[in-house]
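Letter by letter, the chains look like this.
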Amino acid sequence: MEVVRAALARRDALEPTLRAFRTRFSGQALADAAEIDRAVSTGERLPLAGVPIGVKAWEPLTSFQVRRLRRAGCVVIGLTSVPGRTTDWQTWGHTDAGPTTNPWRPDRTPGGSSAGSAAAVAARVVPLATATDGAGSTRIPAAWCGVLGLKPTTGRLPSRDRTGLAVPGAITRTPRDATLHLSLLLDDQLSHSPDTPTATWSNDLGFAHVLPEQARIARSAADRLASARHIIWTDLPVHLADPEPAWRTLRTAPSSTPHPIRTLNDTRLHTLFRETDVLLTPTTPAPPHAHTGPGTTMNVALTWAFNLSGHPALTIPAGLSPDGTPVGIQAIGRPHTEALLLHLASALETLTPW
């Protein structure tokens, strides 16, 4: 009960400027926490008893992961902000009180579409908030808010998206919490990672325009992993085609016939992952933009190829850019190798605590 009370107090204190929640649950959250306290006092074992969480506003409380989390003892304290549905770009969040702000710089967006989830976790309102990722909507806000965002392998978790692009997941502050979340949803079906995985680096996947400072900071984090022997570099070319036409075609007109660009990229990724365990890139090509919008920058440039291919992808805090905003490093693995990606996140957290 006291943990939930503290989360509610921090949420309410920050909301006038953070605006991470579209809907706030207070009375219901306290009632749920009291019920959990009663259950624990009678000997019931709940692995996440009393842990306050946020739920992305577009995700129903009856979704698979929310039901699992609540069954484990989590208490929902509100629905986190998302962008308006009429905008072509989704890297922001909106509430009735105004835009969601980035905890690191209020004049910048937290990213999106899981905007409020990332902001609430980064601002330490909750340790975990649910998210969905259809083009980078978990990874981009997690990167811009300096926390972790995992897009699991497509198909590992139930999804309502008929295109197969959107994958449910969560945003957390620590690799331990991310591992606990996924283990709970998968009933501990996490594969073991290799002792020292091989890794390939790409600044731009062969097509994206990435600001040099974003690439430098992310690569520096990757080099720290290599220097500590957590990865072994493999010098392999990475040349994907820009997935935008394939992604937009699938989103607007789902078809059983893959777009030629999707087929090409899937083939190239299959070849790449025969020779390496993990692909590392910057998570985003640019830092968080102002609330007026991203301009012409394609902030999904480095993420949405893996919504099409289905590979698991995790953004990990890599450092801070000169403007004071976080930079993420993206780790992509073979299907069902989320444990490997989370292992690398734990290693980087040990080397450079965030």
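A quick note: this is a predicted structure, and the numbers were derived from the prediction, not measured. (Residues numbered from 1 in each chain as written. Predicted model: local features only at pLDDT ≥ 70, side-chain atom pairs only at ≥ 80, totals over all residues. Heavy atoms only, no water.)

Chemist: I keep staring at helix α7 (residues 212–227) and nothing clicks. Help me out?
Modeler: The periodicity of an α-helix, 3.6 residues per turn, causes residues three or four positions apart to be oriented the same way. In this model, α7 (16 residues) spans 22 Å end to end at C-alpha, consistent with the 22 Å of a helix rising 1.5 Å per residue. Inspection of α7 places Q214, A215, I217, A218, A221, A222, L225 and A226 among the buried residues, and these make up the whole buried set. On its buried side, α7 packs onto β9 (198–201), β10 (232–233), β11 (278–282), β12 (313–320), β13 (326–333) and α11 (338–351). Following α7 by one or two positions, R229 adopts a phi angle in the positive range, close to 65°. (Helix = DSSP H or I, 4+ residues; strand = E, 2+ residues; numbered from the N terminus. Expected span 1.5 Å × (residues − 1). Buried < 20%, exposed > 50% of the residue type's maximum accessible area, 1.4 Å probe, protein only. Contact = heavy atoms within 4.5 Å.)

Chemist: Where do I start with the pairing of β13 in this structure?
Modeler: Two faces make up the sheet, and in a regular strand the side chains alternate between them. Where burial is concerned, most of β13 is hidden: eight out of the eight residues are buried. Neither face of β13 is left uncovered, since the one carrying P326, G328, Q330 and I332 and the one carrying V327, I329, A331 and G333 both have all their residues buried. Here five bridges tie β11 to β13, and the two strands are oriented antiparallel to one another. Each residue of the ladder has a partner; that of T281, found in β13, is Q330. (Pairing = 2+ DSSP bridges.)

Chemist: Mind showing me how you'd approach the sheet that holds strand β8 (residues 167–172) here?
Modeler: Paired through backbone hydrogen bonds, the strands of a sheet run either parallel or antiparallel to each other. Here eleven strands make up an open sheet; going across it, the order is β1-β3-β2-β6-β8-β7-β12-β13-β11-β9-β10 and the pairing mixed. Single-partner strands in this sheet number two, and they are β1 (21–24) and β10. As defined by bridge partners, strand β6 (residues 128–133) adjoins β8 across six bridges and the pair is classed as antiparallel. Within β8, the position partnered with A129 by the bridge is I171. Here helix α9 (residues 260–275) sits on the sheet in contact with β9, β11 and β13, set at roughly 115° to β11. Helix-sheet contacts for α11 involve β7 (148–151), β11, β12 and β13, and the interaxial angle to β12 is about 15°. (Axes fitted to C-alpha atoms, helices over the stretch in contact; angles between N-to-C directions.)

Chemist: How should the pattern of salt bridges be read in this particular structure?
Modeler: Oppositely charged side chains are able to pair whenever their charged atoms sit close together. This model, assessed by the stated rule, comprises 16 salt bridges. Residue D12 is joined to R24 by a salt bridge in which the shortest nitrogen-to-oxygen separation is 3.0 Å. Of the two residues, D12 sits in helix α1 (residues 2–18) while R24 sits in strand β1, which places them twelve residues apart along the sequence. The partner of D187 in a salt bridge is R68, and the shortest N-O contact between them spans 3.4 Å. Of this pair, D187 sits in the loop between α6 (175–186) and β9 while R68 sits in helix α3 (residues 64–71), and the two are 119 residues apart along the sequence. Residue class for R68 comes out buried when judged on its relative accessible area of 17%. (Salt bridge = Lys/Arg side-chain N within 4 Å of Asp/Glu carboxyl O.)

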